[in-house]
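What follows is the residue order along each chain.
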Amino acid sequence: MQRPSRTFTGTSLLISGLLFALLRIFSIVFHSSALRTLSKLALACLVLIALTWAFRILWRRFFWRVGRRLAFSYIAVGVLPMAMLALIFLLAAYLFGGFLLGHLYRDALDDLDDELTAASHTRLSDVLHERPGLSDRVEKLAFAEYRKGKRFSGDAEAPELWPTWLEAPAESTPVAARHPFVGLANGRVSAAAVARSGDRGVLVYFAGDLDAELRQRTHVWLELLRDDDPRRKSTTRLQIFGFDLRLGGLWLKRTPEQSAEYYKLNPPATPGAPRFLEKPTILWMESTGALPALASGTPVSASVAASLASSPPSLFRAMLSTSAEVDSAAWLALLGVAVLFAEIYLVAAGIAIFMIFGLSRAVNRLSKATDAIGRGNFGTRIPVRRKDQLGDLQRSFNSMSDHLEELIQTAAQKEVLDKELGLARQVQQDLLPAAIDERPGTEFAAFFEPSAAIGGDYFDILNAGGGRVAVVVADVAGHGLAAGLRMALVKSAITLLVEDGIAAPAILTRLHRLLRNKPGERSFVTASLSIFDPATGDLDLTNAGHPPAYVVRLSGEVEELLVPGVPLGAMGMVNAAAGSGGSGGLAGASAGTVGTGAIGVAGAVTARLAAGEAIVWLSDGLIECCNAAGEQFGYDRIRQSLVGAPTTASAIRDRLLEAIRQHTGGLPAEDDRTLVVMVYRAGGFAVDGASPR
């Protein structure tokens, strides 16, 4: 049976495919752009449904095993967060490295600014004391001397007029824009400082390669870029909640010469073959505000950006070299916490992997054992070593397998027994008359319903010689195979003795002795043996503890033939019996007479039937049948149901059975039910064609 989800997915795929095909055909036929767009949407839906379907199939097949699910859960809960944490740590370390690059860069600028300021004051002091032999360029620095606002000596690149803008107090400049950078006339970026005393002043600026100087000071790769520098990457400006963010590109392609210059500052462990960590992989960008012209102070560039790059080992060395306490205490503490965390995680990972493999192996064993049980190998057992819930489950499985194996063996034995019981039941059915032969002067109808597979009731209609008919109705105590075997014994004995022409009381007496002398478990049989002569209508009824027979007269009245006697094989003996009992006693009608007597074990009674009258033999299963309230049908209802004109044997039988059915409400029989009806047809015969049931 297909699952509803699979049916829904298949239907969705079919509908989407048909819709796409129709829209595509219509768009081509009608040259419609709208239909073409709709066909693309249908195709997108088709692809999405197909991908979803494929993903679900792969998901179910891959995660069918419990071990894979556990492993995936561990990866999702234990490994993936650690990987994300490691990624976050790397990003944080990268940002920290960038901040450290900026810190090194700003420290170098501050040192350079201090050196330029000190150099300007020193030169001013020399000028004021008129010390001869001063050079205009000293160690990459250029000087210019001013008197009354005009240059009278110094470097030719210096401005002619005194740069008064450099004398502005530092407090008036925003912190983010404070820097010593100035723009020279040739476009280079330099750094400058001034010192003044009265009408005398000194200007000093860096005349060398400022980028190289800053690289030497910071030991990182550094390039200063103006806004109009073609090497500078474009800048993205973002405004978020009133904040102005400028995002610039970090990567600048370095030439081989520049790379060689960087590795001179930070030599790799293997010359000429730097490892990945030794390469300048940490990139950063620092912006230092507008660039003023040295001569006038007017901005010649909106900002000066410093492109910074370094390797993690280089930054790590720079960070450790700043403080001995950090090196000896904080870093050791951080390293200890990191090692402890790694150990805890490794132990937890080992426990998780051990549990995953253990659970997966236990589940796989259960699955394989279940498959073996399904294939019929009921001797499959699981070796139990676990002492947890799965171990209890495995032990329960082994116990279930033991019980299942016992049940299978029991079921096999029951099947064999059922077959044997079926054969025994068929044998019992064969012992009963399959159909009632036509006999002159009589009409018979019978009913037989066992309450178990093998019943204990028995009836038969035999030839007693001289045209007479012998009717036997017997009830063996109990049900099942033992009762059936005793019933077969009773049938064979009665059949042989009747055919030998022995009188009915003698037959029952011999049968009583046979049952009494039989070794083994004691049992008893109630029996009624009647000899009827169709020529005269005389009936000789011999009864051994069996329920009474009933005579239905032509007037519709019912007479009860109750004869004293003990069941065959029972302990008691009946030596004499007198009179008759039962409700209503025995009354002779004008059409017949009844007489009683006692002979040996069983009691005997004689009666005469007139033409058209009937006699009914039955077992106690019909008398004792109960309704839902537990109320028995009883003798009185038997007589009331038989009251009426004796038309045919079948009509009398059906009338009684219908009354019983209405009383019980169709409940199953608790005891065997046997019924034999005979109607006397003087001067001819009529036969009920129905076979006994």
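Because the structure is predicted, anything quoted here is derived from the model rather than measured.

Judged by how many residues are buried, strand β16 (residues 468–476) sits mostly within the fold: 8 of 9 residues are covered. In the sheet, strand β15 (residues 457–465) pairs with β16 via 8 bridges, with the strands oriented antiparallel. If you follow Asn463 over to β16, its bridge partner there is Val469. Hairpin geometry of β15 and β16 is characterised by an intervening segment of 2 residues between the two adjacent antiparallel strands and by a positive phi of about 70° at Gly466. Pairing analysis gives 8 bridges linking β16 to strand β17 (residues 525–533), with the strands arranged antiparallel. When the bridges of β17 are listed, Val472 appears paired with Leu529.

Turning our eyes to something else, we now look at the packing of helix α3 (residues 66–128) against helix α4 (residues 210–218). The geometry of α3 relative to α4 is characterised by a closest axis approach of 9 Å and an angle of 115° between their N-to-C directions. It follows from the interaxial angle that α3 and α4 lie roughly perpendicular. Helix-helix and strand crossings are classified by hand; for α3 and α4 the assignment is right-handed. For the pair formed by α3 and α4, the contact residues are Leu104, Tyr105, Ala108, Leu109, Asp111, Leu112 and Glu115 on the first element and Leu210, Leu214, Arg217 and Thr218 on the second. Residues of the contact of α3 with α4, tallied by class, amount to 7 nonpolar, 1 polar and 3 charged.

Proteins that are soluble and globular tend to have nonpolar side chains buried together. Membership of the largest hydrophobic core comes to 50 residues, with the highest contact counts inside it found for Phe444, Ile494, Leu568, Ile615, Trp617 and Val676. Not counting the four nearest positions on each side in its chain, Val676 is found in contact with Phe444, Ala445, Ala446, Phe459, Val471, Val473, Ile615, Val616 and Trp617. Among the nonpolar cores identified, the runner-up in size contains 35 residues, and Ala193, Phe206, Leu291 and Ala306 belong to it.

To continue, consider the packing of aromatic side chains. Enumeration over the complete set of coordinates arrives at 5 aromatic pairs. Here the aromatic rings of Tyr146 and Trp162 are separated by 5.2 Å at their centres, their planes lie at 70°, and the arrangement is edge-to-face. Here the residue Tyr146 occupies a position in strand β2 (residues 141–147), and Trp162 occupies one in the loop between β3 (150–154) and β4 (181–183), the gap between them amounting to 16 residues. Taken together, a centroid distance of 5.4 Å and an interplanar angle of 70° make the contact between Tyr262 and Tyr263 edge-to-face. Positioned over the ring face of Phe152 is Arg147, at 4.5 Å from the centre of the ring. Just above the ring of Trp221 sits the side chain of Arg215; from NZ or CZ to the centre is 4.0 Å.

This part takes up unusual backbone geometry. One non-glycine residue, His31, adopts positive backbone phi at about 50°. With respect to the secondary-structure elements, His31 resides in the loop between α1 (4–30) and α2 (33–62). In this structure, Lys148 is a non-glycine residue whose phi angle is positive, near 55°.

Quick look at the sheet that holds strand β20 (residues 558–561) now. Taken together, 5 strands build an open sheet; the order of strands is β14-β24-β23-β19-β20 and the sheet is antiparallel. This sheet does not close on itself; its edge strands, each paired only once, are β14 (442–449) and β20. The sheet shows a mean angle of 15° between the axes of neighbouring strands, direction not considered. Where strand β19 (residues 549–552) meets strand β23 (residues 614–618), 3 bridges bridge the pair, whose relative direction is antiparallel. Each residue of the ladder has a partner; that of Val552, found in β23, is Ala614. Running over the sheet, helix α12 (residues 634–642) touches β19, β20 and β23 and is turned about 25° from β19. Of the strands in this sheet, β14, β23 and β24 (673–680) touch helix α13 (residues 649–664), which is tilted by about 150° from β24.

We now examine the pairing of strand β7 (residues 221–226). Across the 6 residues of β7, 6 count as buried, placing the element largely inside the fold. Neither face of β7 is open: one carries Trp221, Glu223 and Leu225, the other Leu222, Leu224 and Arg226, and all of them are buried. As judged from the 6 bridges shared by β7 and strand β13 (residues 304–310), these two strands associate in the antiparallel manner. Pairing of Leu222 across the sheet is with Leu308, part of β13.

So, on to the pattern of salt bridges. Counted under the stated rule, the structure contains 19 salt bridges. The closest approach of N and O atoms between Glu167 and Arg196, which form a salt bridge, is 3.3 Å. Here the residue Glu167 occupies a position in the loop between β3 and β4, and Arg196 occupies one in strand β5 (residues 189–197), the gap between them amounting to 29 residues. For Glu167, a relative accessible area of 33% translates into the label partly exposed.

Moving on to the sheet that holds strand β10 (residues 282–287). Ordered in space as β7-β13-β10, the 3 strands form an open sheet in which the pairing is antiparallel. Each edge of the open sheet carries a strand with a single partner, namely β7 and β10. Adjacent strand axes in the sheet meet at a mean angle of 20° when their direction is disregarded. Inspection of the sheet shows β10 paired to β13 by 6 bridges, in the antiparallel sense. Bridging from a neighbouring strand, Ser287 pairs with Ala305 of β13. Across the sheet, α3 is in contact with β7, β10 and β13; its angle to β10 comes to roughly 50°.

What follows covers α3. Counting along an α-helix, one turn takes 3.6 residues, and residues three or four places apart therefore face a common direction. In a regular helix each residue adds 1.5 Å, so 63 residues correspond to 93 Å; α3 covers 91 Å between its end C-alpha atoms and thus fits that length. For α3, the principal kink sits at Ile75 and spans about 40°. Once α3 finishes, Glu130 follows within two positions and takes phi at roughly 55°, a positive value.

Thresholds, definitions, all that
- Starting afresh in each chain, residues are numbered from 1 along the sequence in its written order.
- Under the rules for a predicted model, residues below a pLDDT of 70 receive no local features and side-chain atom pairs below 80 are neither given nor counted, while totals for whole chains, interfaces and linings still include all residues.
- The basis for every side-chain value is the complete set of non-hydrogen atoms in the structure, without hydrogens or water.
- The buried label goes to any residue with under 20% of its type's maximum accessible area, the exposed label to any with over 50%, and the partly exposed label to all in between, with areas taken from a 1.4 Å probe on protein chains only.
- In this text, helices come from DSSP runs of H or I with a minimum length of four residues, and strands from runs of E with a minimum of two, each type numbered from the N-terminal end.
- Strand pairing is defined by DSSP finding a minimum of two bridges between the two strands.
- Here the axes come from fitting lines to C-alpha atoms, over the contacting stretch only for helices, and the angles between their N-to-C directions go from 0 to 180 degrees.
- Our angle categories are set so that under 35 degrees counts as roughly parallel, over 145 as roughly antiparallel, 65 to 115 as roughly perpendicular, and the remainder as oblique.
- Helix crossings are classified by the rotation of the near helix relative to the far one: an anticlockwise turn of less than a right angle makes the crossing left-handed, while a clockwise turn makes it right-handed.
- Contacts: residue pairs with any heavy atoms within 4.5 Å of one another.
- Polarity classes work like this: nonpolar for Ala, Val, Leu, Ile, Met, Phe, Trp, Tyr, Cys and Pro, charged for Asp, Glu, Lys and Arg, and polar for all others, with Gly in that last group.
- Remark: nonpolar core denotes a set of buried residues (Ala, Val, Leu, Ile, Met, Phe, Trp, Tyr, Cys) joined through side-chain atoms within 4.5 Å.
- Pairing of aromatic side chains requires ring centres within 6.5 Å, counting the rings of Phe and Tyr and the six-membered ring of Trp. Pairs whose planes differ by under 30 degrees are stacked, by over 60 edge-to-face, and all others tilted.
- Two conditions define a charge located above a ring, namely a distance within 6 Å from the ring centre to NZ of Lys or CZ of Arg, and an angle within 35 degrees of the ring normal.
- By definition here, a salt bridge exists when the distance from a side-chain nitrogen of Lys or Arg to a carboxyl oxygen of Asp or Glu is within 4 Å.
- Given the number of residues in a helix, its expected span is that number minus one, multiplied by 1.5 Å.
- What is called the bend at a residue is the angle between a pair of axes, fitted to the seven residues leading up to and ending at it and to the seven starting from it.

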